[in-house]
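Structure at a glance
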Amino acid sequence: MTSLVSTSHLQLAAFAFGTVGWILCTISMGLVEWRVWHVDNTTIISSGIAWVGIWKVCFISYLHVSSDLKEQICHKMNDYETSIPKAIFVAQGLLLIAMVVGALGMASTIFALRSIYMGILYKTQIIRFFLVAGFLYLAAGLCVLIPVSWNFYSVVHNQTISFPTSFYMPSSPVAQEVGAAIPLGIISVILLLMSATFSFSYKFPVTPNAGV
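What comes next is a walk through the structure.

Cut-offs used in this document
- Residues numbered from 1 in each chain as written.
- Predicted model: local features only at pLDDT ≥ 70, side-chain atom pairs only at ≥ 80, totals over all residues.
- Heavy atoms only, no water.
- Core = buried A, V, L, I, M, F, W, Y, C linked by side-chain atoms within 4.5 Å.
- Buried < 20%, exposed > 50% of the residue type's maximum accessible area, 1.4 Å probe, protein only.
- Helix = DSSP H or I, 4+ residues; strand = E, 2+ residues; numbered from the N terminus.
- Phe/Tyr/Trp six-rings, centres within 6.5 Å; stacked < 30°, edge-to-face > 60°.
- Lys NZ or Arg CZ within 6 Å of the ring centre and 35° of its normal.
- Patch = residues over 30% accessible without salt bridge, like charges linked within 9 Å, V, L, I, M, F, W, Y side chains within 5 Å.
- Areas by Shrake-Rupley, 256 points an atom, 1.4 Å probe, with all protein chains shown as cover.
- Salt bridge = Lys/Arg side-chain N within 4 Å of Asp/Glu carboxyl O.
- Disulfide = S-S within 2.5 Å.

**Thoughts on the nonpolar core**
- The biggest cluster of nonpolar side chains holds 22 residues, and the ones touching the most others in it are Trp34, Leu95, Ala98, Tyr137 and Val144.
- For this core, the elements supplying multiple residues, two or more each, are helix H2 (9-30), helix H3 (86-117), helix H4 (123-156) and helix H5 (181-200).
- Tallying contributions element by element places H4 first for this core, with 7 residues.
- Ile44, Ala50, Ile73 and Met169 belong to the second-largest nonpolar core, a separate cluster that totals 17 residues.

Next up, the structure:
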């Protein structure tokens, strides 16, 4: 059993990296700071800055309260808003898939590691769980990579969004920059892909008592 345990150090690291990557994916999905817009009209957006996320857009306004009190106003982006790019709703779906698939990848890794550390020497079962975990981590990483890449591309090219008039948002910013969610997403992708690589690399040792 000692020999078997010693072969799974990378896979233990895969579980750790996958767990952290999954947590970062979940955090970035909930953040509104994907794209930071700088606007010149401060009548409604008092701070001149708005945050465009995957699920909603937010900004600070003094208009609805008083000149001394600020209020954060957020508008949810729903699929019935036809003016909002479909890519945003695709990103929503991909991040939800990444969260579910990443959790399944961690579960598959746990089953494989449990067999190893408990001395359950079933070669086919252990390898199968690690392979499944690898594919799940890979799928989760790609699901995060797509919205992260799209948002980064949109920031670099200062792309516009035609928000509904009820959002009080301009269709184009003066400038925009990368928000905190994108670096978190990039780190999440790297960790998930490393987890996939480590999971795929598992080699079952040749042992006379190994099952099938």
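After presenting the structure, the write-up continues.
**A closer look at the packing of aromatic side chains**
- Inspection of every chain in the model, using the stated rule, returns 5 aromatic pairs.
- Centroid distance Phe111 to Phe129: 5.5 Å. Interplanar angle 20 degrees. Geometry classified as stacked. Placement of Phe111 in helix H3 and of Phe129 in helix H4 is noted, with a sequence separation of 18 residues between them.
- Here Phe111 falls in the partly exposed class, since its relative accessible area comes to 46%.
- One aromatic cluster is present, formed by Trp37, Phe163 and Phe167 through successive ring pairs.
- One Lys or Arg, Arg35, reaches over the ring of Trp150 and ends 5.9 Å from the middle of that ring.

**Looking at a nonpolar patch on the surface**
- Residues Leu131, Phe135, Leu138, Leu142, Leu145 and Phe200 make up a contiguous nonpolar surface patch of about 490 Å² in total accessible area.
- Tallying contributions element by element places H4 first for the nonpolar patch, with 5 residues.
- Here Leu131 is to be found in helix H4.

**A few points about the state of the cysteines**
- If you walk through the whole model with that rule in mind, you get 1 disulfide.
- Disulfide pairing places Cys58 opposite Cys74 at an S-S distance of 2.0 Å. Between Cys58 and Cys74, the disulfide has an S-S torsion of 115 degrees and is therefore right-handed. Residue Cys58 is found in strand E3 (residues 56-66), and its partner Cys74 is found in strand E4 (residues 69-76); the two are separated by 16 residues along the sequence.
- Residue Cys58 is classed as buried on the basis of its relative accessible area, which comes to 0%.
- The class for Cys74 is partly exposed, based on a relative accessible area of 34%.
- The closest cysteine sulfur to the non-disulfide-bonded Cys25 is located on Cys143, 8.8 Å from its own sulfur.
- The exposure class of Cys143 is buried, given its relative accessible area of 12%.

Shape descriptors only; they carry no functional weight alone.
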